[in-house]
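Survey of secondary and tertiary structure
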Amino acid sequence: MAEHTSSNITIEAAPAEVMGVIADFDRYPEWTGEVKEAEIRATDDRGRAAEVRLVLDAGAIKDDHTLAYTWTGENEVSWSLVKSQMLRVLDGSYRLRALDGGARTEVTYQLTVDVKIPMLGMIKRKAEKVIIDRALAGLKKRVEGGPATSGAPRADEAEKH
């Protein structure tokens, strides 16, 4: 089984507000850092993105790829790779958990990346960590409207599984 990297962050907003930002793919280039373009190619019966083309530039990993999204309830979305120029695997998820009666949200981001070219495992894990940390900090900033660094996950918070 492939290793994955995960990290958590707490956002001062309700889960529905956080998921609203996560589901707004058209605006990803404004806050994710790594995503330079996003295009919804298909939607599900509820109008949520089911397939999205993304142009990614995450330092060691640059790619134009398409992901398939699965929405589980109102507080979880996962994705898997449909096609890619450089990646063999790009699977991940956002899981949201309401805190303080729904006033705050714990967001867990899990990611597994594998590239078609040979790359050391530690370099892949570092790329995953960079993607996760930037995405969580960007998500927090986008939802809260504050600085991305406040509450950003520390390097020691990421886990390998």
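This write-up is about the structure you can find in this document. Please read all numbers here as calculations on a predicted model, not as lab measurements.

Conventions used here
- Residues numbered from 1 in each chain as written.
- Predicted model: local features only at pLDDT ≥ 70, side-chain atom pairs only at ≥ 80, totals over all residues.
- Heavy atoms only, no water.
- Phe/Tyr/Trp six-rings, centres within 6.5 Å; stacked < 30°, edge-to-face > 60°.
- Helix = DSSP H or I, 4+ residues; strand = E, 2+ residues; numbered from the N terminus.
- Buried < 20%, exposed > 50% of the residue type's maximum accessible area, 1.4 Å probe, protein only.
- Contact = heavy atoms within 4.5 Å.
- Salt bridge = Lys/Arg side-chain N within 4 Å of Asp/Glu carboxyl O.

Here's the deal with the packing of aromatic side chains
Counted under the stated rule, the structure contains eight aromatic pairs. Plain terms: the ring middles of Trp-79 and Tyr-94 are 5.6 Å apart, the flat faces sit at 55° to each other, and that makes the pair tilted. On the criterion of sequence distance, the pair formed by Trp-79 in strand S5 (residues 76–84) and Tyr-94 in strand S6 (residues 87–99) is long-range, its members being 15 residues apart. What links up through ring pairs into an aromatic cluster is the set Phe-25, Tyr-28, Trp-31, Tyr-69, Trp-71, Trp-79, Tyr-94 and Tyr-109.

Re the side chain of Glu-106
Assignment of secondary structure puts Glu-106 in strand S7 (residues 104–115). Residue classification places Glu-106 among the buried positions, given a relative accessible area of 19%. Leave out the neighbours within four places in its chain, and Glu-106 touches Asn-8, Ile-9, Thr-10, Arg-95, Leu-96, Arg-97 and Leu-99.

What about the pattern of salt bridges?
Tallied over the entire structure, the rule returns 16 salt bridges. For Glu-34, the salt bridge is made with Arg-134, and the minimal N-O distance between the two is 2.9 Å. With Glu-34 in the loop between helix H2 (28–31) and strand S2 (35–43) and Arg-134 in helix H3 (residues 121–144), this pair connects stretches of sequence that are 100 residues apart. Note on Glu-34: relative accessible area 4%, which makes it buried. The residue Lys-140 makes a salt bridge to Glu-144 at a minimum N-O spacing of 2.9 Å. With a gap of four residues between them, Lys-140 and Glu-144 both fall in helix H3, about one helical turn apart. For Glu-144, a relative accessible area of 30% gives the class partly exposed. Among the ionic contacts, a cluster of salt bridges with common partners joins Glu-37, Glu-39, Arg-41, Arg-53 and Asp-64.

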